Amino acid sequence: MPQLNSWGPISFQGVKGLEQERDQWATKIGLILAMAGNAVGLGNFVRFPTQVAQNGGGAFMVPYFLALFLLGIPIMWVEWVAGRYGGKYGHGTLGPTYYLMARESLNPRGALVMGVISGMVAFAGVTLLNSYYLHLIGWSAAYTWFSITGAYFGKNTGQFFSDYLNNHAEVLVFWGITIVTIAIAVGRGVSKGIEKWVKVMMPLLYIFAIIMVGYVFVLGSPIKPDWSTIDGFSFIWTPNWAYLKEHFAAVMLAASGQIFFTLSLGMGIIQNYASYLGPNDDVALSGIATVSLNEFAEVVLGGSLAIPLATAYFTKIINPGIVMSAFTKLNNGKLIQVDKGALIQLGVPLNVINKALSTGNPTILKSYIVAHWSSIMAAFNVHKDVGLQAIGRTFGLGFAYTALPNAFVSMGQAGRFFGALWFLLLWFAGWTSAIAMYNYLVALFEEDLGIRRGVGTWLVLLIYFFLGLPVVYIGLDNYVTPLDNWISFQLTLLALLDIIVAVYLFRPSNFWDELHKGAYVKIPTFYKWITLIVAPIFLLIPLFGTFKGFISGGIPKTVGAVIITMFIIGAIETYFAIKRKYGEEIKKNKVLVKV
């Protein structure tokens, strides 16, 4: 840590100078807290356990840690460097920033192409992700109220969650409260709208999460001896090499996507925050601090809550409908696909599965499962991983909302208070993260197109209102889950563009120099080669491995139409944003603006 009088190039003298420097420190620490608050959110406590449950438990954790060290850390540095560089030119959005960085190797017209592509992908990613992420935050607001009233006490938490999603008016109310309060906060500006909330929310969330983890550890087997929280920890931390081998590309993409989602990478948000830094402010140590705070919240805290609780209360969550939803696929009521491996592990005979498939009649399969439910439950005792996958696949991002309430129910009437406090803090965490994405879009209107902040704030609200309606009326299976899968792909794609533009086109030597400018730590040289060689390969493997599935019907038509629309709007917005300031040099194809 530097001495108090050695911040950057500025030298202060006297009491007034010390006060000024203290304010400088407060501003920078507040910015780091804001970025950490942006990273720590529902991705840690809601999306992470969902991804673990859906992708084989320990099979997911292997590529997850590889992605953290080979992608998350280096790309975090890339985005901090890019943001600070764009800030020198007065830019906090990705398109103009990457135009400037690409200009180091390309002529202005070539740089324009790279800037438009990057800005387009960032715009689409932020709008699409926040379209359903805001609903997840609304779910936390709803469960705060449900905890206060005890609405889910004494009920099957899985069925209760499904009933809530089907109550569209209730969903819209809590979603509306969320997006309106975010709009008001963003309209007040970054420092007022974000930092003061983070300073309160983050410590409380960490403290309460640690208390909850302690409770989970001593909970044991509250329902049946065969199902304990320790089984949940075993599911997470026992490598499942067979599952990883069978689903290699999909699990790698899920792990990489989760790293980018949880660290807010591949969205343009880190660049937006980092643009507020001075030219000599440290980005190397700040990037590591952001990663460390987030990963502690995700792996140590988030990983120790939902899955162990779902395991301990498995018999109160699972039912034949969940098994059918998880391991079969219907089209207009006709059975078209079955996960034979999972059902055979549960004791369903192959001839029953084949008969149901050949006739397209799901009733044949469901009738067998209902009639032999006791033997299937016995099979779950042996194949707990299949059971957790069933809950994860059925409820998707609602996985944590089916598991966590059981812990509060077990506390009796005190659980109403602790449940309300937990979900309120979770709401704040998601709310703070959503502010960053919301603020990025407002910055596009304000900075790129010259629209007043107040007007831009309400325009973004309008965009999210229309994008959020399919989440309510189409639902998890047909809209949110495939869109979330696409987001993993898109975040990975923009991370690849980060390296192409902000490292290679910006020139590796420039990037390495910028990373160490004003830095208080020396980055090991091997990370330069990880960024240049290993990271791009690690990104390309899941991108190639899963793209074919997307273009061959892996994305429903409605979801595909929304994705394409956001790409088109993002490309148009970015093009005019770059032309607005650099039109003359693009016309002459010669660099005219240089800081």
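Look up a bit, the structure's there.
Going along each chain's sequence as written, the residues are numbered from 1 onward. Since the coordinates come from a predicted model, pLDDT governs what is reported: local features require at least 70, and pairs of side-chain atoms require 80 or more to be given and counted, while whole-chain, interface and lining totals use all residues. As a rule here, side-chain values come from all non-hydrogen atoms in the structure, and water together with hydrogens is ignored.

Moving on to the overall build of the protein. What counts as a helix is a DSSP run of H or I of at least four residues, what counts as a strand is a run of E of at least two, and both are numbered from the N terminus. A count of helical and extended segments in the protein gives 28 helices and two strands. Counting over 595 residues, the protein shows a buried share of 59%. The criterion used for residue contact is that any of the two residues' heavy atoms lie within 4.5 Å. Contacts in the protein between residues far apart in sequence, at least 24 positions, make up 82% of those at least 6 positions apart. Accessible area for the protein stands at about 22,300 Å²; split by element, carbon and sulfur atoms hold 65% of it. Accessible area is worked out with a 1.4 Å probe on protein chains only. A residue is then buried under 20% of its type maximum, exposed over 50%, and partly exposed in between. Only the protein chains shown count as cover for residues, with accessible areas throughout obtained via the Shrake-Rupley method and a probe of 1.4 Å.

This part is about the pattern of salt bridges. Side chains bearing opposite charge may pair, as long as their charged atoms lie close to each other. Each reported salt bridge corresponds to a side-chain nitrogen of Lys or Arg within 4 Å of a carboxyl oxygen of Asp or Glu. As enumerated under the stated definition, the model contains eight salt bridges in all. Residues Glu514 and Arg84 are paired through a salt bridge, measuring 3.4 Å at the closest nitrogen-oxygen approach. Of the two residues, Glu514 is situated in helix 26 (residues 508-516) and Arg84 in helix 3 (residues 58-88); the sequence distance between them amounts to 430 residues. The residues Glu514 and Arg84 share a single accessibility class, namely buried. Here Glu104 makes a salt bridge to Lys594, at a shortest N to O gap of 2.6 Å.

Turning to unusual backbone geometry, a few remarks are in order. The residue Ser264 is not glycine, and still its phi comes out positive at about 60 degrees. Here Ser264 shows up in the loop between helix 11 (248-263) and helix 12 (269-274). Since its relative accessible area comes to 4%, Ser264 is described here as buried.

Once that is clear, we can look at the pairing of strand 1 (residues 328-331). Relative to strand 2 (residues 334-338), strand 1 runs antiparallel, the two sharing four bridges. Within the sheet, the bridge partner assigned to Asn331 lies in strand 2 and is Lys334. We call two strands paired when DSSP finds no fewer than two bridges between them. Hairpin connection from strand 1 to strand 2: two residues lie between these consecutive antiparallel strands, with Asn332 at a positive phi of about 55 degrees.

So, on to helix 16 (residues 320-327). Counting buried positions over the eight residues of helix 16 gives six, a clear majority of the element. The set of residues buried in helix 16 consists of Pro320, Ile322, Val323, Met324, Ala326 and Phe327. Any pair of N or O atoms that falls within 3.5 Å is considered a polar contact. Within protein, one atom must be able to donate a hydrogen and the other to accept it, and sequence-neighbouring residues count only if both atoms are side-chain atoms. The N-capping residue of helix 16, defined by a side-chain oxygen 3.0 Å from the backbone nitrogen of Gly321, is Asn319.

The aromatic pairing rule takes the rings of Phe, Tyr and Trp, using the six-membered ring of Trp, and pairs them if the centres are within 6.5 Å, calling planes under 30 degrees apart stacked, those over 60 edge-to-face and the rest tilted. This model, assessed by the stated rule, comprises 43 aromatic pairs. An angle of 80 degrees between the planes, with centres 5.2 Å apart, marks the rings of Trp139 and Phe161 as edge-to-face. Linking Trp139 in helix 5 (residues 108-149) with Phe161 in helix 6 (residues 157-166), this pair joins segments that are 22 residues apart in sequence. For Trp139, a relative accessible area of 2% gives the class buried. In this structure Phe161 comes out as buried when scored by relative accessible area, which is 1%. Over the ring of Phe261 we find Arg47; its NZ or CZ atom is 4.4 Å from the centre of that ring. In our convention, an over-ring charge means Lys NZ or Arg CZ found within 6 Å of a ring centre and within 35 degrees of that ring's normal. Positioned over the ring face of Trp529 is Lys528, at 5.8 Å from the centre of the ring.

For the rest of this paragraph, the subject is the packing of helix 6 against helix 7 (residues 168-187). Axis definition: a line fitted to C-alpha atoms, limited for helices to the stretch in contact. Angles are taken between N-to-C directions and run from 0 to 180 degrees. It is at 5 Å that the axes of helix 6 and helix 7 come closest, and there the two elements cross at 80 degrees. By the angle between their axes, helix 6 is roughly perpendicular relative to helix 7. Only His168, Glu170, Val171 and Phe174 of helix 7 make contact with helix 6, whose side of the interface consists of Tyr164, Leu165 and Asn166. In this classification, Asp, Glu, Lys and Arg are treated as charged, Ala, Val, Leu, Ile, Met, Phe, Trp, Tyr, Cys and Pro as nonpolar, and every other residue, Gly included, as polar. A class-by-class count of the residues in the contact of helix 6 with helix 7 yields four nonpolar, two polar and one charged. Oblique is the label for any angle not under 35 degrees, not over 145, and not in the 65 to 115 range, which are roughly parallel, roughly antiparallel and roughly perpendicular in turn.

This part is about the nonpolar core. The nonpolar side chains of a soluble globular protein tend to be buried with one another. Counting residues in each nonpolar core, the largest one holds 210 residues, and the members touching the most others are Tyr132, Leu365, Phe380 and Trp422. Broken down by element, the residue count for this core peaks at 22 residues, all from helix 5. If we ignore the near neighbours within four places in the chain, the residues touching Phe380 are Trp227, Phe314, Ile318, Val323, Leu346, Trp373, Val386 and Gly387. Throughout, nonpolar core names a set of buried Ala, Val, Leu, Ile, Met, Phe, Trp, Tyr and Cys residues whose side chains join them through atoms within 4.5 Å.

In this section: empty space enclosed by the protein. Buried and open spaces are told apart on a 1 Å grid over the protein atoms alone, a cavity being a set of points where a 1.4 Å probe fits but cannot get out and a pocket being an open set with protein on both sides within 12 Å along at least five of seven lines. Residues with an atom within 4 Å of a point are the lining residues. Grid points are joined across faces, edges and corners, and a volume is the space filled by probe spheres set on the points. The final tally for this structure, using the stated rule, is two cavities of 30 Å³ or more. Looking at the second largest cavity, its volume works out to about 40 Å³. Around the second largest cavity, the lining residues are Thr93, Leu94, Gly95, Pro96, Gly119, Phe123, Tyr440, Leu444, Asp448, Glu573 and Thr574. Of all the secondary structure elements, the ones that give two or more residues to the lining of the second largest cavity are helix 4 (94-102), helix 5, helix 23 (414-449) and helix 28 (557-588). The residue inventory of the lining of the second largest cavity, partitioned by class, reads five nonpolar, four polar and two charged.

As a further point, take the side chain of Thr457. Inspection of the secondary structure puts Thr457 in helix 24 (residues 453-473). In this structure the side chain of Thr457 is engaged in a polar contact, spanning 2.8 Å, whose partner is the backbone oxygen of Arg453. Filtering out sequence-adjacent residues up to four positions away, Thr457 remains in contact with Ala183, Val186, Gly187, Tyr438 and Val442.

It is worth spelling out a nonpolar patch on the surface at this point. Candidates for patches are residues over 30% relative accessible area with no salt bridge; among them, like charges are joined within 9 Å and nonpolar side chains (Val, Leu, Ile, Met, Phe, Trp, Tyr) within 5 Å. Together, Phe248, Tyr504, Trp529, Ile533, Val534, Ile537 and Ile541 make up an exposed nonpolar region whose accessible area comes to about 640 Å². Take the nonpolar patch: its biggest share by element is five residues, from helix 27 (residues 526-554). Structurally, Trp529 can be placed in helix 27. Taking the relative accessible area as the measure of exposure, Trp529 reaches 45% and is therefore partly exposed.

Our next topic: helix 22 (residues 399-409). When you tally the buried positions in helix 22, you get 10 out of 11 residues, the bulk of the element. For helix 22, the full list of buried residues reads Phe399, Ala400, Tyr401, Thr402, Ala403, Leu404, Pro405, Asn406, Ala407 and Phe408.

The next thing to look at is the environment of Asn240. Along the polypeptide, Asn240 turns up in the loop between helix 9 (229-237) and helix 10 (241-246). You can call Asn240 partly exposed: its relative accessible area is 21%. It is 5.2 Å that separates the C-alpha atoms of Asn240 and Gly58, two residues lying 182 residues apart in sequence. Excluding residues within four positions of it along the chain, Asn240 makes contact with Gly56, Gly58, Ala59 and Asp385.

Along the chain, the position of Thr229 falls in helix 9. Classification of Thr229 as buried rests on a relative accessible area of 0%. Dropping the residues within four chain positions of it, Thr229 is found in contact with Val216, Phe217, Leu219, Gly220, Pro308 and Ala312.

Below, the discussion takes up the environment of Phe48. Locating Phe48 in the fold gives a position in helix 2 (residues 42-54). Each C-alpha atom, one on Phe48 and one on Ala400, is 9.5 Å from the other, the two residues being 352 residues apart in sequence. Among residues more than four places away in sequence, those in contact with Phe48 are Gly43, Phe60, Met61, Tyr64, Gln258, Glu298, Val299, Gly302 and Gly303.

Tracing the backbone through its elements, the reader meets Pro320 in helix 16. Pro320 gets classed as buried once you look at its relative accessible area, which sits at 19%. The sequence separation of Pro320 and Ile376 amounts to 56 residues, and the corresponding C-alpha distance is 9.4 Å. Sequence-distant contacts of Pro320, that is, excluding residues within four places in its chain, are made with Ile369, Val370 and Trp373.

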